[in-house]
Amino acid sequence: MRTVAEPFEAESVAVAPAEEPGIRINGAPATVEAVRKADVRVDLLGGEDERRSFVVEHALAPLGLCGVTAAEVTGIETDWSFARPEHRFCYARGDDPAHVVGSPLGLPNPAVVEGVREVGVVGEPSVRRTVAEPVTADTEGGTVTLRPRERGAGIRFEVSFRGESFVAEVDPAGDTDPELVDRVAAATTPFLTESAREGIVHSVADLVSDVAVIGGFEDLLVEADLGDAYHLATVGAARLAHERDVVEERRV
């Protein structure tokens, strides 16, 4: 596994090394089984107190972009911002602001990218995962197909969104082009920008979060034709692969 060498704090979250594989947010594992909402945002439920964490894709994406496969992520927000629906919902549940781990600016948290680069990443992956056969999720949020790819190839995202197209090569357990990482981490969510181009670049971060991190994949071809509530399709494709038992694990 690959984890951060030292703990650090960034906007909205603190990140610490993990002793076991996988990324956890406020104790909840970033897995398809822990997803409790996936449409315009992704929420996880889990941990010792079974609490819900909101907008987790903005914390998971920068770690996946930086090749981190294991980490303990903790929310550190202390103030409410009731203009944000996730804050209102969190407050109504009796949780505290630390359970909202998404950026208030709608960014895939570039401060996490900076933090990972400052402390470094240690370890190497022992396994890499793909699918044994193609899997397609066709939903109201779009259509996402996962196809097998050779071991060590990384994930190729071929994305269409609001008339734009974009291709990105990401290795969620290795090295990704730093310029691509910076561009994706600085792209505003399509829910807060009118620019379809910026929106599609941001969608790569969400695909990394949902397919690579939550889905647990390192080697795939991902064809994504995205609509508005596209987490239905991105998480949906990852969930289908696990439900159909077509996840193929290969030793490095």
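The rules we used
- Residues numbered from 1 in each chain as written.
- Predicted model: local features only at pLDDT ≥ 70, side-chain atom pairs only at ≥ 80, totals over all residues.
- Heavy atoms only, no water.
- Phe/Tyr/Trp six-rings, centres within 6.5 Å; stacked < 30°, edge-to-face > 60°.
- Helix = DSSP H or I, 4+ residues; strand = E, 2+ residues; numbered from the N terminus.
- Buried < 20%, exposed > 50% of the residue type's maximum accessible area, 1.4 Å probe, protein only.
- Pairing = 2+ DSSP bridges.
- Axes fitted to C-alpha atoms, helices over the stretch in contact; angles between N-to-C directions.

Draft legend 1. The packing of aromatic side chains, seen in detail. Overall, the coordinates contain five aromatic pairs when judged by the stated rule. Summarising the aromatic geometry, the rings of tryptophan 80 and tyrosine 91 are spaced 5.3 Å apart at their centres and angled 90 degrees between planes, so their arrangement reads as edge-to-face. Note that tryptophan 80 is positioned in the loop between strand E9 (70-75) and helix H2 (85-93) and tyrosine 91 in helix H2, a separation of 11 residues in sequence. Residues phenylalanine 161 and tyrosine 230 carry aromatic rings whose centres are separated by 5.8 Å and whose planes lie at 85 degrees to one another, so their mutual orientation is edge-to-face. Of this pair, phenylalanine 161 sits in strand E14 (residues 155-161) while tyrosine 230 sits in the loop between strand E16 (220-226) and helix H6 (231-243); the two residues are 69 residues apart in sequence, bridging distant segments of the chain. Each member of the pair phenylalanine 161 and tyrosine 230 is classed as buried. Put simply, the rings of Trp80, Phe82 and Tyr91 touch in pairs and so form one group of aromatic residues.

Draft legend 2. Local environment of the sheet that holds E14. Strand order across the open sheet formed by five strands is E12-E13-E16-E14-E15, with mixed pairing between neighbours. Among the strands making up the open sheet, the edge pair consists of strand E12 (135-139) and strand E15 (164-170). When strand polarity is set aside, the average angle formed by the axes of neighbouring strands in this sheet is 10 degrees. Across seven bridges, strand E13 (residues 142-148) lies against E16 in antiparallel orientation. Within E16, the position partnered with glycine 142 by the bridge is leucine 226.

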